[in-house]
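# Coordinate inspection notes
Residue strings, one per chain:
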Amino acid sequence: ARWNDLGDVSVTLLDSGTELVPSENKRCRQALLSVLDDHDITIQHSSMVSHITSSHIHLQNEKVLPYTHCIWAAGASSHDLADVTMRKRGLAVDDRGWIAVNESLQSISHPFVFAAGDCATMVGLPKGKSSPPKAGVYAVRSGPILIENLTKMIGSLDDNSEANNKLTQYEPQGDFLKLIMCGDGTALGFRFGLPLRGKWVWHLKDKIDTMFMELFAKENLPDIKEGEAYDTSQYDAIVNRPKPLEVEEAGRLLMRTDDEVEYEQAWNVLRDMMADDDYQKHVLKLIEMSQGE
């Protein structure tokens, strides 16, 4: 969208799959396609790149595409240190090179090694659950667990079995808020299977990013007191929220795309839905009914 002033600019998105964001539902995928269409961005699915020259992209299906600027977004990949160097030394990694850890973020092959965030994959989760995706929210939420377990392990070096019994388990949340900047002062978000769009979504993302960076300011760091649980309240923006909106009002608010929506109020609705399954269910039901689904 920011390139519009440059004149005739053509943008093509190459996707190796058959559809974008396949883990989302149909209405979220359709919302993303609508945004791309609004900005005249075309998509080519099932496109695997063979090689790139200074002026052309060569696909495995023998198609050749000219380009002036190429933005390569291939997703997360493991670091050679873990995938190659550490693997050779016996560290357990999965088939993609991620360090394999248990629910305590502890290496399944070396109990004194811990890993969290994008470098690790969790194995042996209950009910056959898969490891959480490579997203910042999981790294942030596992951080306090990592600190706690490292501290316990260091404090029990003379008796590792005792330390292992006391390690805290990390339970990844099932879903998280995904936000995509649209380049025009608006953003698109996905949460609870709902597509969210507007300036308020942009302001929400900006606020979340700013608040995260502010966590690292010295004056905002939590106190770590020996023998006391690590204070994780810093990761929850507003602990004391106002009373939840009525279901009807909450549903209408989340579906609005106009510029008058207050992002703080919409954010509180999303938090309330996360905290109360019944409230979430009723809001989602109302939205479905209002949209004739």
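Data block above holds the structure.
Here goes a summary of the coordinates provided. (Residues numbered from 1 in each chain as written. Predicted model: local features only at pLDDT ≥ 70, side-chain atom pairs only at ≥ 80, totals over all residues. Heavy atoms only, no water.)

## So, the overall build of the chain
In terms of helices and strands, the chain carries 8 helices and 10 strands. Of all 293 residues assigned to the chain, the portion counted as buried reaches 31%. Intrachain contacts of the chain at a sequence separation of at least 6 include 47% that bridge at least 24 residues. For the chain, the exposed area adds up to about 18,700 Å²; of that, 51% sits on carbon and sulfur atoms. (Helix = DSSP H or I, 4+ residues; strand = E, 2+ residues; numbered from the N terminus. Buried < 20%, exposed > 50% of the residue type's maximum accessible area, 1.4 Å probe, protein only. Contact = heavy atoms within 4.5 Å. Areas by Shrake-Rupley, 256 points an atom, 1.4 Å probe, with all protein chains shown as cover.)

## Considerations on the sheet that holds strand S4 (residues 56-59)
Spatially, 3 strands are ordered S3-S4-S5 in an open sheet, and the strand pairing comes out antiparallel. Among the strands making up the open sheet, the edge pair consists of strand S3 (49-52) and strand S5 (64-66). Taking the axes of each pair of neighbouring strands and ignoring which way they run, one obtains an average angle of 25° across the sheet. Sheet analysis places S4 next to S5, joined by 3 bridges and oriented antiparallel. Note that in S5 the partner of Ile57 across the bridge is Leu65. (Pairing = 2+ DSSP bridges. Axes fitted to C-alpha atoms, helices over the stretch in contact; angles between N-to-C directions.)

## A closer look at empty space enclosed by the protein
Within this structure, the stated rule accounts for 1 cavity of 30 Å³ or more. Lining the largest cavity are 18 residues, with Ala116, Gly117, Ala120, Pro132 and Tyr138 positioned closest to its centre. Among the secondary structure elements, those contributing two or more residues to the lining of the largest cavity are strand S7 (120-122) and helix H3 (136-155). Classifying every residue of the lining of the largest cavity gives 12 nonpolar, 4 polar and 2 charged. (1 Å grid on protein atoms, 1.4 Å probe; cavity = no way out; pocket = protein on both sides within 12 Å on 5 of 7 lines; lining within 4 Å. Points joined across faces, edges and corners; volume = space filled by probe spheres on them. Nonpolar A, V, L, I, M, F, W, Y, C, P; charged D, E, K, R; others polar.)

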